[in-house]
Each structure stands twice: as C-alpha cells, then as structure tokens.
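# Fold and contact review
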Amino acid sequence: MTGIRIFNVHYLWEDCGSMVLGALIVLTAWMVGDVGSQPVAINATIVGLIVLALGASEFLDLRRWEEGLETACGLWLIASPFIFGYAYAGTLRYWHFVLGAAIVLLAVLELLQDWKLSKAELTRHSAR
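These numbers come from a predicted model, not from an experiment.

### Here's the deal with the side chain of Glu-66
Here Glu-66 lies in helix α3 (residues 64-84). On the basis of relative accessibility, which here comes to 1%, the residue Glu-66 falls in the buried class. Here Ser-57 takes part through its side chain, which lies 2.5 Å from a polar atom of the side chain of Glu-66.

### Examining the packing of helix α1 (residues 12-32) against helix α2 (residues 38-60)
Where α1 contacts α2, the two axes come as close as 8 Å, and the packing angle between them is 165°. Classified by the angle between their axes, α1 and α2 sit roughly antiparallel to one another. For α1 against α2, the interelement crossing comes out left-handed. Within the contact between the two elements, α1 uses Leu-12, Asp-15, Ser-18, Met-19, Gly-22, Ala-23, Ile-25, Val-26, Thr-28, Ala-29 and Trp-30 and α2 uses Ala-41, Ala-44, Thr-45, Val-47, Gly-48, Leu-49, Val-51, Leu-52, Gly-55, Ala-56, Glu-58 and Phe-59. For the contact of α1 with α2, a count of residues per class yields 15 nonpolar, six polar and two charged.

### Concerning the packing of aromatic side chains
All told, the structure shown has three aromatic pairs when counted by the stated rule. Seen in terms of ring centroids, Trp-76 and Phe-84 are 6.4 Å apart; in terms of plane orientation they differ by 90°. Their pairing is edge-to-face. Since its relative accessible area comes to 35%, Trp-76 is described here as partly exposed. The class for Phe-84 is partly exposed, based on a relative accessible area of 30%. Plain terms: the ring middles of Phe-82 and Tyr-88 are 6.3 Å apart, the flat faces sit at 75° to each other, and that makes the pair edge-to-face. Through a chain of ring-to-ring contacts, three or more aromatic side chains come together here, namely Phe-82, Tyr-88 and Phe-97.

### Quick notes on the confidence of the model for the protein
Where the model shows low pLDDT, its predicted coordinates should not be examined in detail. Mean pLDDT for the protein: 82, with 77% of residues reaching 70 or above. Highest mean pLDDT in the protein belongs to α3 (92); lowest belongs to helix α5 (residues 119-126) (56).

### Focus: the nonpolar core
Formed by Leu-21, Ile-25, Ala-44, Val-47, Val-51, Cys-73, Leu-77, Leu-99, Ile-103 and Leu-106, the largest nonpolar core amounts to ten residues. Residues within four places of Ile-103 in sequence aside, it is in contact with Leu-21, Ile-25, Val-51, Glu-70 and Gly-74.

### Considerations on α3
Between its terminal C-alpha atoms α3 stretches 30 Å, which fits the 30 Å expected from 21 residues at 1.5 Å a residue. Regarding α3, the residues found buried are Glu-66, Glu-67, Glu-70, Thr-71, Cys-73, Gly-74, Leu-77, Ser-80 and Pro-81. Residues of α3 that are buried make contact with α1, α2 and α4 (92-114). Of the residues one or two after α3, Gly-85 is the one with positive phi, at around 80°.

### Some remarks on the environment of Ala-107
When you line up the elements, Ala-107 lands in helix α4. Expressed as a C-alpha distance, the spacing of Ala-107 and Glu-70, which sit 37 residues apart in the sequence, is 6.0 Å. Those residues within four positions of Ala-107 in sequence are excluded, and the remaining contacts are Glu-67, Glu-70 and Thr-71.

Cut-off values and rules
Residues numbered from 1 in each chain as written. Predicted model: local features only at pLDDT ≥ 70, side-chain atom pairs only at ≥ 80, totals over all residues. Heavy atoms only, no water. Helix = DSSP H or I, 4+ residues; strand = E, 2+ residues; numbered from the N terminus. Buried < 20%, exposed > 50% of the residue type's maximum accessible area, 1.4 Å probe, protein only. Polar contact = N/O pair within 3.5 Å; in protein donor to acceptor, adjacent residues only side chain to side chain. Axes fitted to C-alpha atoms, helices over the stretch in contact; angles between N-to-C directions. Parallel < 35°, antiparallel > 145°, perpendicular 65-115°, else oblique. Left-handed = near helix turned anticlockwise from the far one by under 90°. Contact = heavy atoms within 4.5 Å. Nonpolar A, V, L, I, M, F, W, Y, C, P; charged D, E, K, R; others polar. Phe/Tyr/Trp six-rings, centres within 6.5 Å; stacked < 30°, edge-to-face > 60°. pLDDT = per-residue confidence, 0-100. Core = buried A, V, L, I, M, F, W, Y, C linked by side-chain atoms within 4.5 Å. Expected span 1.5 Å × (residues − 1).

Right under this line is the structure:
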C-alpha cells in the first residue's frame, strides 16, 4: 500500500477544508433559514468559528491536539439537533449531521497522519 500517500501525509488542502467547513457551519443558520431559536444560531456560529480557528491554527502550526478538538466539535455538531430540540424538523439538522460527520472524518484522517510523527517532524511539516 505504498502507492496511497493520501493516508500518510498531512496535506495543506485538509487544513483549508477545515476552514471551509467552519465557515459553512457559521453560515448554515442563515443559509437554511429554518432556525427555530437564537441558541441554535449561536451554537452554530460558535462551533463554526472554533473549527475555522482550528483549521487556521493547523495551517500555521501543526499540533495533534487540534485534531482532537476538531473531532469534539464535529461530534458536538452532530449531537446539537438532539440537544437543542430540532432533530425532528427542518433541514438544518441534515446540514449539521453532514457537516459534523465531515469534520470528524477529516480530523480523524489528519490525526492518523500525524500520530506517528515526532515533534521535530511536526515542526518541520508546519513550516510548509
């Protein structure tokens, strides 16, 4: 399996993808338009801004804990429809399920790529 390098190297597009997903999460409350309450919109904005900031942070300086926080944000976004009570109505729930799952998958991929790297390799890789 040496031919599949996508699973072995942390690429720049992954960090840019995290930033794009974060921006989409921030925009979902206004794109979809079926937000039932202000806490739902605030939750989406906060989670989106955190994911956006973590993606930018990874872009500048690669650390393993960033992927862990992104995974937690993705899982929180998946759970949000149940926590805030919009899991059974509207299209916002689908957006949050899909975006949350995408964040979790991307973060797990990045974590697997970075897991065996030493601190020196992480630092060298961060310089891009």
